[in-house]
Amino acid sequence: MSLSMPNPYSGNYKLLVAVPLLLVLVSLFFIPQIQLGVDFKGGTLATMQASSPVDADSLKAALTEKGYTVSSVKSLSNPKGYEVEVEIERDDSLTRAETLKSTFFEKIEQVSLLESDVTVSNASAESVAKYAAARQEVDALSDELFAIALLPKNSSSITSSNELKQEVGAAYRQITDGYSSKLSATLSSLVNYESASFNEVSASLSAKFIDKALMVVVYSVILVSVVVFIIFRTFVPSLAVLLGAACDVLIALGAMGLFGIPLTLASFAALIMLVGFSLDTDVLLTMRVIKRREGTPRERAYDAMKTGMTMSMALMLAFACLFILASVTHINTYYEISAVALAGLLGDLIATWLLNGVIVLWYLEHGGQTGDSQKPFLSSIFSS
Amino acid sequence: MITINEIIAGAKKREVIAIFLFAILACAAMFLDKPRGVPIYVASIAAIAIAAVFIKSDSFRVAILVAIVLLSAFSIASNGVKFGIDFSGGVRIPVLLEKSVDSTTMEEMVATIKTRAASFGLSEVKVRPIGDSEIYVEMPQSSPQLVSDVENLLSRQGVYRGIVDGKVAVKGEEIYSGTIMKIPSQYLSGADWGVSFTVTQSGAQRFAGVAKGKGNYPLYMFLDRPSDAIVILSEKELMADAASKSRVVPISRARALQLASSSLALEGDNITVYIEEAVSQDFSLKPSTNKTRAIVSANSSLAPKLRAAGFTVVEKTDAEMTPKYSVSPENPTSDAVTVWSAVGLMSAPRLVPSVTEGIPNFSYTINGPAEGATATLKAADALKKERELESLLKGGALPVQISLGSKTVIPAPLGEEFLRLSLIGLVFALLAISLMVSIRYRHMQIIVPMIFISLAELVILLAILGSFTIDLAGMAGILAAIGVGVDSQIVVTDELLKKEGEMSKRLEKAFAIITTSVTVAVVAMLPLLFLSGLVEIIGFATATVLGSLLGLFISRPAYAVIAEHLFE
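Just so it is clear, the model here is predicted, and its values are computed rather than measured.

## What to know about the overall build of chain B
Logical step 1: For chain B, the helix and strand inventory stands at 19 helices and 18 strands.
Logical step 2: Relative to the 2.2 N^0.38 estimate, which gives 24 Å for 568 residues, the radius of gyration of chain B is 31 Å and therefore markedly larger than a compact globule would have.
Logical step 3: Reported as C-alpha extents along the three principal axes, the dimensions of chain B are approximately 100 × 60 × 45 Å.
Logical step 4: Across the 568 residues in chain B, those meeting the buried criterion constitute 45%.
Logical step 5: Contacts spanning at least 24 positions in sequence make up 74% of the contacts within chain B whose residues lie at least 6 apart.

What follows is the structure, encoded as structure tokens:
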């Protein structure tokens, strides 16, 4: 790892920008192909541990025949034998039942209140009519739920709203329990497994995950932009730093589409972390080139590149270990985090040194100011 | 070069001696007070980190690093490292709250779930709040039966019974749940809080019949009152509240026993009260047809005997076993046991004479006084009592609607294998990075401190994260943190290796870069850490953020000191 590579900024460095731009274009092409994991899409991920290998294709065919919409079946080997991973899409009736249940529970308190009015007002015509109207609404919901649960029940035979509430709760539990036990029974008839783990993500849960993830992205972008502008206090370098990070995340996303790394909570966390990693080298470059005076800007950029490359290399080694660990254990969390991080760190090398570096140098050589006199904003708080 | 003399001179400085004394004291405290080992460890780390910001002598910086590493190593040995079910095997069920709640409500929810788990006999269940809208329920072992038990206890509604003078006056199912609500303060007429509710036709008739002529009697409000049971309490438990020093009118033993017995009276299903001391003197209790369950303190020596005699033994804590009394000299009819958790007695308001005339009435209110020294405390207490009563009348419903998230099941042998391989992975990452810096810098003086500091960081991270729980995402984060840690050391080293400029100037520049990049990296992770509540990946975010911060405040300053001396 002797750093005898030539200074890439010595010639007409502006042409270097073509590489990251091209890469971003290619990434944009692959981004739509990113698959959503169970976390964001909803559905059931069943992981089974078996002592003998399982044929993925025949399992998929058998499950499809039984009426399940199978997104993927993976058959792998791990330290304790063989692992089969089956991803099944959310059942429509289950999603419907969930909606029915939550609408029912939103309305039932009001219905209960109206029912008490009937009792208190000694069954006045007005209160009876109001209650009947409200009941009609929740009755429709409960009857549909009873039908999905295949229960021979009719809401019209249940007079009190308290009882109706209990029946609906029981029916919903029967639907979800029935679905899980049917699925595990089907799987155990098809696969001779020793243990199984089911990761079920309901429609409302995946919707919540998406909401939270989007919120995290928005807040992170705003916070990071504000902090970067406060630190550099000049427009072009700040923009260059942020552009480098954005470019890096785009390349990582492209790699996810290309290599089939699903977008899950784990890979999402890795993407957010990449923003920090990518800014790491961007900050190093920008501070060394803009806030120093020794040598020419090109020499300083080259110098920063040597340090930055070593830093990226250390991080890549750490994640390569995680990636190897993932390929031995088949732990999805490890695989998703390490694959996204590795792709992103590679992207970071290109984005930082070929895009951000060029912008910063161009800025300096076209009248931008170096700011050595200015003490960096935050160091006055922390360092000696 | 660093000489032995320099080290000795450094070690003799006052602040260095102080920090080591502090570390030794903290270790001793951890060792002596094992149950509180984790809070002691975390607090002492925080204290040292704060000291690190203010005291900036060279020897102190190295001393801080050494002290924290020692503390962490001791914590790993004494408190142990906790691994999530991914590594230990078991089941995890996330409980999602329909909306974000404040910390008081969260505590209430966690406590309720814990109590329910205990009443199901699932004492090994771990319940912990995650953020403000999620709760993790974890069990170290897994069986389909256990999973459905936990799902049941979470979705279960309790049974409410209001008992007056040994007869059921109010049944939970006869209350319209939609009508249970707080009374606005302007209608409270003197009381501090109040809850109103409406009962059904049959409920109104039952209450009118049972409560007739029972003015000022207590209405014993039970949640899940055990049936076919006897309760055995020790003299100490019987009298703990009755003879408490803060009581103005002391209660005699005979009166206490009388109140306890009458609170458990119910036609056809009395719960008989026995005194442990009397029972154990000459043990002759035997279960009979409607007395099959024995409720007893978990510390009691009677439990095995009762089991041998054929009872289903229900063990409770001493606090749960202790009845709380309320007496007034002016009105002895209203004297009652007001709270007795072991038997599900939650409260015992007094019946106002106006509702005991035997006329069916649909709407009722329960109100009472609040306690608290200041107006704010009083208001908070009133709100708490109101909420407790509301939840009680709704059959112990949780204050917020919940739904269950996706459950994860990990078989124990697989989890252990994952842990073993992950630890090997950590070692390999450390080795690979050490090899890389060795090739890059080729000087033992640089390589050795760098590796030592990476190792130190790993120990600290394992100790801190292991004080809580290390899950898969957390382990991935620790691995990433090793890489992040080395990064800042590379920045310092490259800056020091430059020939031009003063050493201190160069160090300052290196720190400016590190401070900036750590700030930006931490800021990027903050929303994920604090706002998202995405528990699945919070371990990862915590590990990377903690790794960056540890580096910035503790190991980098120490590394710089060491490196600076080595280069001179």
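## Quick word on the overall build of chain A
Logical step 1: In terms of helices and strands, chain A carries 12 helices and four strands.
Logical step 2: For 384 residues, the compact-globule estimate of 2.2 N^0.38 gives 21 Å, and chain A exceeds it by more than 25% at 29 Å.
Logical step 3: C-alpha extents for chain A along the principal axes are approximately 90 × 60 × 40 Å.
Logical step 4: Put simply, of all contacts in chain A between residues at least 6 apart along the chain, 76% involve residues at least 24 apart.

## Focus: helix 15 (residues 412-441) of chain B
Logical step 1: Under the 1.5 Å per step criterion, the end-to-end length of helix 15 of chain B is 44 Å for 30 residues, consistent within 8% with the ideal 44 Å.
Logical step 2: Those residues of helix 15 of chain B not exposed but buried are L414, F418, S422, G425, L426, A429, L430, I433, V437 and R440 of chain B.
Logical step 3: Against strand 1 (43-50) and helix 10 (297-329) of chain A together with helix 5 (85-88), strand 18 (408-410), helix 16 (444-467) and helix 17 (472-497) of chain B lie the buried residues of helix 15 of chain B.

## Observations concerning the nonpolar core
Logical step 1: Formed by 204 residues in total, the largest nonpolar core has its most connected members in A269 and A318 of chain A together with I64 and L479 of chain B.
Logical step 2: Top element by residues in this core is helix 11 (residues 332-365) of chain A. It accounts for 19 residues.
Logical step 3: Other than its neighbours up to four places away in sequence, A269 of chain A contacts I337 of chain A together with A473, L528, I537, F540 and A541 of chain B.
Logical step 4: The next biggest cluster of nonpolar side chains, apart from the first, holds 80 residues, and it includes V111 and Y172 of chain A together with I175 and M346 of chain B.

## Considering unusual backbone geometry
Across the chain, the bulk of peptide bonds are trans and the bulk of non-glycine residues have phi less than zero.
Logical step 1: A positive phi angle is found at L150 of chain A, which is not glycine, with a value near 60°.
Logical step 2: Mapping L150 of chain A onto the fold places it in the loop between helix 5 (125-148) and helix 6 (161-190).

## Some details on the sheet that holds strand 7 (residues 193-198) of chain B
Residues and elements named next belong to chain B.
Logical step 1: Spatial strand order, 6-7-16: three strands in an open sheet with antiparallel pairing. Looking at strand neighbours, the two that pair on one side only are strand 6 (181-182) and strand 16 (363-368), the edges of this open sheet.
Logical step 2: Pairing of strand 6 with strand 7 involves two bridges; the strand directions are antiparallel. Along strand 7, the bridge assignment pairs M181 with S196.
Logical step 3: Most of the contacts of helix 14 (residues 375-393) go to strand 7, to which it runs at about 20°, and overall it touches strand 6, strand 7 and strand 16.

## Topic: the interface of chain B and chain A
Logical step 1: Across the boundary between the two partners, chain B contributes 74 residues, which contact 73 residues of chain A.
Logical step 2: At the level of elements, strand 18, helix 15, helix 17, helix 18 (503-531) and helix 19 (535-567) of chain B are the ones that each hand at least two residues to the side of chain B that touches chain A.
Logical step 3: Considering each element in turn, the side of chain B that touches chain A owes the most residues, 17 residues, to helix 18 of chain B.
Logical step 4: Taken together, the residues that form the side of chain B that touches chain A break down as 41 nonpolar, 23 polar and 10 charged.

## Brief notes about the sheet that holds strand 4 (residues 193-201) of chain A
All names here are of chain A.
Logical step 1: Read across the sheet, four strands follow the order 2-3-1-4 without closing on themselves; strand pairing throughout is antiparallel. In this open sheet, the two strands that pair with only one neighbour each are strand 2 (70-78) and strand 4. This sheet shows a mean twist of 15° between the axes of neighbouring strands, independent of strand direction.
Logical step 2: Strand direction decides the pairing type here: strand 1 and strand 4, joined by eight bridges, are antiparallel. For A46, the partnering residue across the bridge sits in strand 4 and is F198.
Logical step 3: Sheet strands in contact with helix 3 (residues 56-65) are strand 2 and strand 3 (81-88), and its direction is about 145° off that of strand 2.

## Quick word on the confidence of the model for chain A
Logical step 1: Per-chain confidence: chain A averages 84 in pLDDT, with 94% of residues scoring 70 or above.
Logical step 2: Contacts of residues 372-384 of chain A to residues separated by more than four positions or lying in other chains number 23 contacts, the stretch itself having pLDDT below 50.

## So, the packing of helix 10 of chain A against helix 11 of chain A
All names here are of chain A.
Logical step 1: Orientation of helix 10 relative to helix 11, taken along the N-to-C sense of each, is 170°, at an axis distance of 7 Å. Between helix 10 and helix 11, the interaxial angle falls into the category roughly antiparallel.
Logical step 2: Taken together, the residues of the contact of helix 10 with helix 11 sort by class into 22 nonpolar, six polar and three charged.

## A word on the domain arrangement of chain A
Residues and elements named next belong to chain A.
Logical step 1: For chain A, the assigned domains are domain 1 (13-38 + 202-382) and domain 2 (43-200).
Logical step 2: A C-alpha centroid distance of 43 Å is found between domain 1 and domain 2.
Logical step 3: Taken together, the contact pairs seven residues of domain 1 with 12 residues of domain 2.
Logical step 4: Within the side of domain 1 that touches domain 2, the residues separate by chemical class into three nonpolar, four polar and no charged.

## Examining the packing of helix 2 (residues 14-32) of chain B against helix 3 (residues 37-54) of chain B
Residue and element names in this part refer to chain B.
Logical step 1: Their axes nearest at 9 Å, the elements helix 2 and helix 3 cross at an angle of 165°. One element, helix 2, and the other, helix 3, form an angle in the roughly antiparallel class. At the point where helix 2 passes helix 3, the crossing takes the right-handed sense. For the pair helix 2 and helix 3, the contacting residues are I19, A26, A29 and M30 in the first and G37, I40, Y41, S44 and I48 in the second.
Logical step 2: For the contact of helix 2 with helix 3, the class distribution of residues is seven nonpolar, two polar and no charged.

## Here we look at helix 17 of chain B
Every α-helical turn comprises 3.6 residues, leaving residues that sit three or four positions apart pointing alike.
Logical step 1: Along its 26 residues, helix 17 of chain B runs 38 Å from first to last C-alpha, staying within 8% of the 38 Å computed at 1.5 Å per residue.
Logical step 2: Counting buried residues along helix 17 of chain B, 24 of its 26 residues qualify, which places the element largely inside the surrounding structure.

## Some thoughts on the confidence of the model for chain B
Logical step 1: Across chain B, pLDDT averages 83, with 95% of residues at or above 70.
Logical step 2: If you check the scores for this complex, the pTM reads 0.75 and the ipTM reads 0.81.

## Comments concerning the pairing of strand 7 of chain B
Residue and element names in this part refer to chain B.
Logical step 1: The buried count for strand 7 comes to five of six residues, which makes it a mostly enclosed element.
Logical step 2: Where strand 7 and strand 16 come together, six bridges link them in antiparallel fashion. Bridge assignment links S196 to a residue of strand 16, and that residue is T365.

## As for the pairing of strand 5 (residues 167-171) of chain B
On a regular strand, each side chain points to the face opposite its neighbour's, so the side chains alternate between the two faces of the sheet.
Residues and elements named next belong to chain B.
Logical step 1: Judged from the four bridges that link them, strand 4 (residues 160-164) and strand 5 form a sheet pairing that is antiparallel. The partner of I163 across the bridge, within strand 5, is V168.
Logical step 2: Linking strand 4 back to strand 5 in an antiparallel pair, the connection comprises two residues, with D165 at a positive phi of about 45°.

## Concerning the environment of F511 of chain B
Residue and element names in this part refer to chain B.
Logical step 1: You can see F511 is positioned in helix 18.
Logical step 2: Among the residues examined, F511 registers 24 C-beta atoms within 10 Å and is labelled buried.
Logical step 3: Taking the C-alpha atoms as reference points, F511 and V492, 19 residues apart in sequence, are found 7.4 Å from one another.

## Some details on the environment of T338 of chain B
Logical step 1: With respect to the helices and strands, T338 of chain B occurs in strand 14 (residues 336-339).
Logical step 2: Residues contacting T338 of chain B, with those up to four places away along its chain left out, are K324, Y325, S326, S347 and A348 of chain B.

Reading the values: rules and limits
Residues numbered from 1 in each chain as written. Chains lettered and ligands numbered in written order. Predicted model: local features only at pLDDT ≥ 70, side-chain atom pairs only at ≥ 80, totals over all residues. Helix = DSSP H or I, 4+ residues; strand = E, 2+ residues; numbered from the N terminus. Rg over C-alpha atoms; globule rule 2.2 N^0.38 Å. Buried ≥ 20, exposed ≤ 12 C-beta atoms within 10 Å, placed from the backbone. Contact = placed C-beta atoms within 7 Å. Expected span 1.5 Å × (residues − 1). Core = buried A, V, L, I, M, F, W, Y, C linked by C-beta atoms within 7 Å. Pairing = 2+ DSSP bridges. Axes fitted to C-alpha atoms, helices over the stretch in contact; angles between N-to-C directions. Nonpolar A, V, L, I, M, F, W, Y, C, P; charged D, E, K, R; others polar. pLDDT = per-residue confidence, 0-100. Parallel < 35°, antiparallel > 145°, perpendicular 65-115°, else oblique. Domains from an automatic or database assignment. Left-handed = near helix turned anticlockwise from the far one by under 90°.

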